[in-house]
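# Tertiary structure, described
So you can see what is in the structure, the chains are spelled out below.
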Amino acid sequence: MNEHNDPKDATLAVWAGEDKPHWENATQVPVVHSVSFGYADLEHWAKVGRGEVDGHIYSRNTNPTVRAFEEKICRLERAQDATAFASGMAAISNTLFTLLTPGDRIVSIKDSYGGTHKIFQEFLPRFNITVTLCDTTDQGAIETAISEGCQVLYLESPTNPTMKVVDIARLAAAAHRVDALVVVDNTFATPVNQKPLVLGADLVLHSATKYLGGHADALGGAVCGPQDLIRRIFHFREINGAALDPMAAYLLLRGMKTLALRIECQNQGAIQIARFLQSHAAVEHVFYPGLDSHPQHDIARRQMQGFGGMLAFSVKGGYGAVMQFLPRLQYAHRAANLGAVETIVGPPATTSHVELNASERAAMGIPENLVRYSVGIEDVNDLIEDLKQALDSI
Ligand SMILES: *Cc1c(COP(=O)(O)O)cnc(C)c1O
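### Digging into the side chain of threonine 190
Mapped onto the elements, threonine 190 comes out in helix H8 (residues 190-193). In contact with threonine 190, other than residues within four places in its own chain, are His206, Tyr211, Leu259 and Ile263.

Listed below in structure tokens is the structure:
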């Protein structure tokens with residue numbers, strides 16, 4: 001691809017990572033299932049091994065199909081390099097265990113993804129790493145915690161499932177004043193709606209399982225950033241063994257071609273659905289950063305190009321009402337997933353925060369009458385009709 005022009009997201013989604021000639025002139029990236037790559041010339045083999053010439057040796061380390069996926073997400077995030085993982089959690093844990101050393105301190109927010117929260121609460125402390133989790137909406141308190149010294153600031157925005165928004169540029173500046181690295185989980189926004197590296201983050205990571213793949217048929221993860229940091233994380237990952245499978249890489253690559261289209265459609269659907277829900281008598285509260293009433297709407301407007309396809313709402317009548325309402329939806333998978341072409345719903349107790357118990361969820365401010373709604377690419381009027389008939393029945 002021509003490096004001198006500045007292709008937009010929709011162009012990069014299609015072409016990035018796929019612009020080299022493929023085997024037998026195939027127009028699509030071949031799925032290379034081979035575990036190893038053979039060399040008749042020992043000298044050449046050694047050069048590949050030392051990284052002096054391009055090539056692959058063993059697919060736990062690098063693989064051509066996986067590399068195409070890495071190049072696509074790297075370009076979309078405007079990063080220098082990227083490395084891929086078997087899942088989003090592999091990307092998160094490998095990144096944290098590469099960056100942190102016993103005695104270090106990490107500052108983060110209370111509203112991180114359930115699995116990430118488990119790493120903070122259960123695993124990092126075992127390695128004598130201090131974890132400070134701040135009130136997600138109190139940017140001043142997060143700045144104060146950062147100023148007391150830390151090696152890593154870990155953010156997620158918008159958060160799962162209550163859609164809180166943190167000020168990435170402001171907090172990244174605070175972290176850099178104490179020489180901390182800033183890591184942002186950009187799974188919810190995707191690079192189409194938010195570019196954390198442009199806002200000042202050092203590393204951006206993804207559960208590619210969600211919007212990047214977009215079809216709920218492949219697990220994967222990625223981290224993007226400057227080459228020196230990515231090399232360090234890659235080194236940990238190749239030894240740790242959390243490699244992305246080539247078939248999954250292919251499915252993610254194919255899904256990503258329509259990323260810009262899907263996100264645009266889901267952005268437009270979500271705001272209409274959020275407004276409809278706000279007007280319905282059975283709904284207590286709607287959580288969506290695109291609404292004027294959202295407490296961090298101004299921050300979201302500054303740092304996002306679109307507000308995304310994720311929203312949450314609480315229904316009047318507690319968990320009982322949720323149990324009544326959810327089975328009536330026709331156009332929604334009731335499942336622990338998000339970011340796909342199909343609409344997906346579920347309560348946090350069985351989806352994002354299944355790893356936590358009811359009192360831990362309560363401590364995180366996640367009400368039991370909450371419904372997380374991942375807007376698909378269906379016709380938005382059909383989705384609103386569907387929600388209406390189900391809510392009317394409560
Ligand atoms: C799903 C998710 C993860 C974990 O990703 P997996 O691919 O399921 O391991 C991490 N962060 C966020 C925000 C997620 O939604």
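### So, the pattern of salt bridges
Scanning the entire structure with this criterion turns up 17 salt bridges. The closest approach of N and O atoms between aspartate 9 and lysine 195, which form a salt bridge, is 2.9 Å. One end of the pair, aspartate 9, is in helix H1 (residues 9-15); the other, lysine 195, is in the loop between H8 and strand E6 (203-207), and 186 residues separate them in sequence. For glutamate 43, the salt bridge is made with arginine 50, and the minimal N-O distance between the two is 3.8 Å. Among the residues examined, glutamate 43 registers a relative accessible area of 46% and is labelled partly exposed. In this structure, a network of salt bridges that share partners links the residues Lys20, Arg67, Glu70, Glu71, Asp81 and Arg237.

### Some thoughts on the domain arrangement of the protein chain
Looking at the assigned domains, one finds that the protein chain contains domain 1 (9-256) and domain 2 (259-391). With centres defined by C-alpha atoms, the gap from domain 1 to domain 2 works out at 26 Å. Contact residues are listed per partner, giving 44 residues for domain 1 and 40 residues for domain 2. Three residues stand out in domain 1 for area buried against domain 2, namely Met163, Asn193 and Tyr211, and they jointly supply 23% of the buried area on that side. For the pair domain 1 and domain 2, the interface holds one salt bridge. The partner of aspartate 167 in a salt bridge is arginine 302, and the shortest N-O contact between them spans 3.3 Å. For the pair domain 1 and domain 2, the interface holds 14 residue pairs in polar contact (both at pLDDT 80 or more). Residue contributions to the side of domain 1 that touches domain 2 peak at five residues, all from helix H5 (residues 114-123).

### Here we look at the packing of aromatic side chains
Within the structure shown, the criterion is met by five aromatic pairs. A centroid spacing of 5.2 Å and a plane angle of 70° characterise the contact between phenylalanine 97 and phenylalanine 127, whose relative ring orientation is edge-to-face. Of the two residues, phenylalanine 97 sits in helix H4 (residues 88-99) while phenylalanine 127 sits in the loop between H5 and strand E3 (130-134), which places them 30 residues apart along the sequence. Of the residues examined, phenylalanine 127 reaches a relative accessible area of 40% and is grouped as partly exposed. Ring geometry for phenylalanine 120 versus tyrosine 154: centroids 5.6 Å apart, planes at 85°, classification edge-to-face. Placement of the pair is phenylalanine 120 in helix H5 and tyrosine 154 in strand E4 (residues 152-156), with a sequence separation of 34 residues. Grouping residues by exposure puts phenylalanine 120 and tyrosine 154 together as buried. In this structure an aromatic cluster arises from ring pairing among Phe313, Phe325 and Tyr373.

Thresholds, definitions, all that
- Residues numbered from 1 in each chain as written.
- Predicted model: local features only at pLDDT ≥ 70, side-chain atom pairs only at ≥ 80, totals over all residues.
- Heavy atoms only, no water.
- Helix = DSSP H or I, 4+ residues; strand = E, 2+ residues; numbered from the N terminus.
- Contact = heavy atoms within 4.5 Å.
- Salt bridge = Lys/Arg side-chain N within 4 Å of Asp/Glu carboxyl O.
- Buried < 20%, exposed > 50% of the residue type's maximum accessible area, 1.4 Å probe, protein only.
- Domains from an automatic or database assignment.
- Buried area = accessible area lost by both parts, 1.4 Å probe.
- Polar contact = N/O pair within 3.5 Å; in protein donor to acceptor, adjacent residues only side chain to side chain.
- Phe/Tyr/Trp six-rings, centres within 6.5 Å; stacked < 30°, edge-to-face > 60°.

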